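Listed below are the residues making up each chain.
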Amino acid sequence: MSVPSAVSSTRQVPLLDLHPQNGPLRQEIEAAVARVFDSQRFILGPDHAEFEREMAAHLGIAHAIGCANGSDAILLALMAAGIGPGDEVAVPSFTFFATAGSVSRTGATPVFVDIQPDSFNLDPAALEEAARSHPKLKAVIPVHLFGGSADMDPILDVAARHGWTVIEDAAQSIGATYRGRPCMSLGAMGTLSFFPSKNLGAFGDAGMVVTTDKALADVLSALRVHGSREKYRHEWIGFNSRMDTLQAAILRVKLPHLNGWTEARQRNAARYQQLLAPAGLPISVPQAADWQTYHAWNQFVIRTQRRDELKAFLASQGVGTEIYYPIPLHRQPCYLSLGYAEGALPESERACREVLALPIHSGLLDGDIEYVCDCLVRFFAA
Ligand SMILES: Cc1ncc(COP(=O)(O)O)c(C=O)c1O
């Protein structure tokens, strides 16, 4: 099969462009930054406390604890759950590294579990199998990847039968629901990242842990300040993981726009699905599963066996794409010592060979999706 000649294009459709989102808010954001300047309260200042309150109200989850980034949010949640050396924690192998890296940072060991091919999320049947062969498992971290929830009821069922803590990694899925229930309220704790490319992005790093449990919220608030509730008295060994007040002030300006931005992503996903379904291309087009009642569409990830050629062709046509993720976590160099052979988790490995994220951000212009789909049709027609 040949590849169409790479006639370079004048149209540019970047994978992500934050200007359309942040540009119109410039004055409000500058005012928020000036407010922090005037207060000179840079660490856990008034905007930080307000942002925590506003996030809890927005999500409908009682407690929201700001922290430095989404990786620390997972680490803090694991520490609050008492996970440490000698413990094992089940994680999907197909996710961003931080999900497993945070487990290792506690001294515990990740147990990698395969995914469902369609939702890209933790496979409950594979989790059940892992439970049988790993008696040291103490927790599971289902990831709501690309904006869509994992199939939580069977996961919660396995966890309840084994007495595990459930920590939902919702870094990519703010606002997502599972069968109408908010993600992050289903397990003991949920974690968020405000990395700039997330649906709600800061101007740098920021993260959050949320929980419905007041006692856990108290521990989490202390852990992010060296385990201290009272100045210079340390009940736990925590670390420094505070969200900058500046980031909180900026995120407060952006939060009221989040639902509108997510709805634009949902319209973009629907447009891709509408254009790609009748085209009959040899690709798989993502669809929300029936349990993914509110899909946040942080990424729109197709699958094709000609992924690398397609990526190069789209780049030549001005279309930005990305491979989330090229290497499953059980085959990462730092985890080879755990002994997972190639082929051990076939769905995660196949996803790594086939996935390609297309532009879906809320600032896409009229005609951008039509142009991307036209490029796909031309690539496969050649
Ligand atoms: C699924 C997932 N978990 C955790 C993280 C870590 O978040 P952060 O980059 O804010 O540390 C990310 C960020 O990309 C993520 O996508």
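Residues numbered from 1 in each chain as written. Predicted model: local features only at pLDDT ≥ 70, side-chain atom pairs only at ≥ 80, totals over all residues. Heavy atoms only, no water.

Caption draft 1: Molecular detail of the overall build of the protein. If you tally the helices and strands in the protein, you get 13 helices and 13 strands. For 382 residues, the compact-globule estimate of 2.2 N^0.38 gives 21 Å, and the C-alpha radius of gyration of the protein, at 21 Å, lies within 12% of that figure. Taking the principal axes of the C-alpha coordinates as reference, the protein spans close to 70 × 55 × 35 Å. When the 382 residues of the protein are sorted by exposure, 55% land in the buried category. Long-range pairs, those at least 24 residues apart, make up 72% of the contacts in the protein with a sequence separation of at least 6. Of the roughly 15,800 Å² of accessible surface on the protein, 54% is carried by carbon and sulfur atoms. Charge separation in the protein, taken as the distance between the mean sites of 32 positive and 40 negative side-chain charges, equals 3 Å. (Helix = DSSP H or I, 4+ residues; strand = E, 2+ residues; numbered from the N terminus. Rg over C-alpha atoms; globule rule 2.2 N^0.38 Å. Buried < 20%, exposed > 50% of the residue type's maximum accessible area, 1.4 Å probe, protein only. Contact = heavy atoms within 4.5 Å. Areas by Shrake-Rupley, 256 points an atom, 1.4 Å probe, with all protein chains shown as cover. Lys, Arg positive; Asp, Glu negative; His and termini not counted. Charge placed at Lys NZ, Arg CZ, Asp CG, Glu CD.)

Caption draft 2: Expanded view of the layout of surface pockets. In this structure, the largest pocket encloses a volume near 510 Å³. Taken together, 29 residues form the lining of the largest pocket, with F96, Q172, F195, K198 and Y325 sitting closest to its centre. With three residues, helix 4 (residues 70-80) is the largest single contributor of residues to the lining of the largest pocket. Class assignment for the residues of the lining of the largest pocket results in 14 nonpolar, twelve polar and three charged. When residues of the lining of the largest pocket are assigned to domains, at least three map to each of domain 1 (22-256) and domain 2 (257-381). (1 Å grid on protein atoms, 1.4 Å probe; cavity = no way out; pocket = protein on both sides within 12 Å on 5 of 7 lines; lining within 4 Å. Points joined across faces, edges and corners; volume = space filled by probe spheres on them. Nonpolar A, V, L, I, M, F, W, Y, C, P; charged D, E, K, R; others polar. Domains from an automatic or database assignment.)

Caption draft 3: Region of the structure containing the site of the ligand. Neighbouring the ligand are 14 residues; G70, S71, D169, S193 and K198 lie closest to it. Within the side chain of S71, an N or O atom sits 2.5 Å from an oxygen atom of the ligand. Taking D169, its side chain carries an N or O atom lying 2.8 Å from a nitrogen atom of the ligand. In isolation the ligand offers 390 Å² of accessible surface; the protein chains occlude 92% of this area. Elements with a contribution of two residues or more to the shell around the ligand: helix 4 and helix 5 (98-105). (Near = heavy atom within 4 Å. Polar contact = N/O pair within 3.5 Å; in protein donor to acceptor, adjacent residues only side chain to side chain.)

Caption draft 4: A look at the domain arrangement of the protein. Domain boundaries in the protein define domain 1 (22-256) and domain 2 (257-381). Here the C-alpha centroids of domain 1 and domain 2 sit 24 Å apart. Taken together, the contact between domain 1 and domain 2 spans 47 residues of the former and 35 residues of the latter. When the two sides are added together, the surface that domain 1 and domain 2 hide from each other amounts to roughly 3,400 Å², 59% of it contributed by carbon and sulfur. (Buried area = accessible area lost by both parts, 1.4 Å probe.)

Caption draft 5: Expanded view of the nonpolar core. Counting residues in each nonpolar core, the largest one holds 54 residues, and the members touching the most others are V89, L127 and V140. Per element, the largest residue contribution to this core is seven residues, and it comes from helix 4. If you count residues domain by domain, this core takes at least three from each of domain 1 (22-256) and domain 2 (257-381). Excluding residues that lie within four positions of it along the chain, V89 makes contacts with L78, I83, V103, A108, T109, P110, V111, L137, A139, V140 and I141. (Core = buried A, V, L, I, M, F, W, Y, C linked by side-chain atoms within 4.5 Å.)

Caption draft 6: The sheet that holds strand 5 (residues 165-169), seen in detail. Strand order in the open sheet formed by seven strands is 1-9-8-5-4-2-3, with mixed pairing between adjacent strands. Two strands lie at the open edges of the sheet, namely strand 1 (63-67) and strand 3 (109-113), each paired on one side alone. Between one strand and the next, the sheet's axes are offset by a mean angle of 30°, whatever the strand orientation. Of the pairings in the sheet, the one linking strand 1 to strand 9 (residues 207-211) comprises five bridges and is antiparallel in character. Residue pairing in the sheet places I65 in a bridge with V209 of strand 9. Contacts from helix 3 (residues 46-59) reach strand 1, strand 8 (189-193) and strand 9, with the element oriented near 135° to strand 1. Across the sheet, helix 5 lies against strand 2 (88-92), strand 3 and strand 5, angled at about 150° from strand 3, the strand it touches most. (Pairing = 2+ DSSP bridges. Axes fitted to C-alpha atoms, helices over the stretch in contact; angles between N-to-C directions.)

Caption draft 7: Up close: empty space enclosed by the protein. The final tally for this structure, using the stated rule, is one cavity of 30 Å³ or more. What the largest cavity holds in volume is close to 50 Å³. Lining the largest cavity, in full, are L16, D17, L18, Q21, P196, S197, K198, R265, H361, S362 and G363. Taken together, domain 1 (22-256) and domain 2 (257-381) each give at least three residues to the lining of the largest cavity, which thus spans both.

Caption draft 8: Quick peek at the pairing of strand 13 (residues 355-358). Burial along strand 13 is two-sided: V355 and A357 facing one way and L356 and L358 facing the other are all buried. Both strand 12 (residues 300-303) and strand 13 contribute to a ladder of four bridges, which runs antiparallel. Considered in strand 13, the bridge of R303 is made with V355.

Caption draft 9: Broad picture of the pairing of strand 3. Of all five residues that make up strand 3, four are buried, and the element is covered over most of its length. Note: strand 2 against strand 3, five bridges, orientation parallel. Looking across to strand 3, one finds that V89 is bridged to P110. Where the polypeptide runs from strand 2 across helix 5 and back to strand 3, its parallel neighbour, the crossover connection is right-handed. (Right-handed = clockwise from strand over helix to strand, strands pointing away.)

Caption draft 10: Local environment of the environment of F96. Turning to its location among the elements, F96 is positioned in the loop between strand 2 and helix 5. Classification of F96 as partly exposed rests on a relative accessible area of 48%. On a C-alpha basis, the gap between F96 and A176 in space is 18 Å, while along the polypeptide they are 80 residues apart. Other than its neighbours up to four places away in sequence, F96 contacts Y325 and L329.

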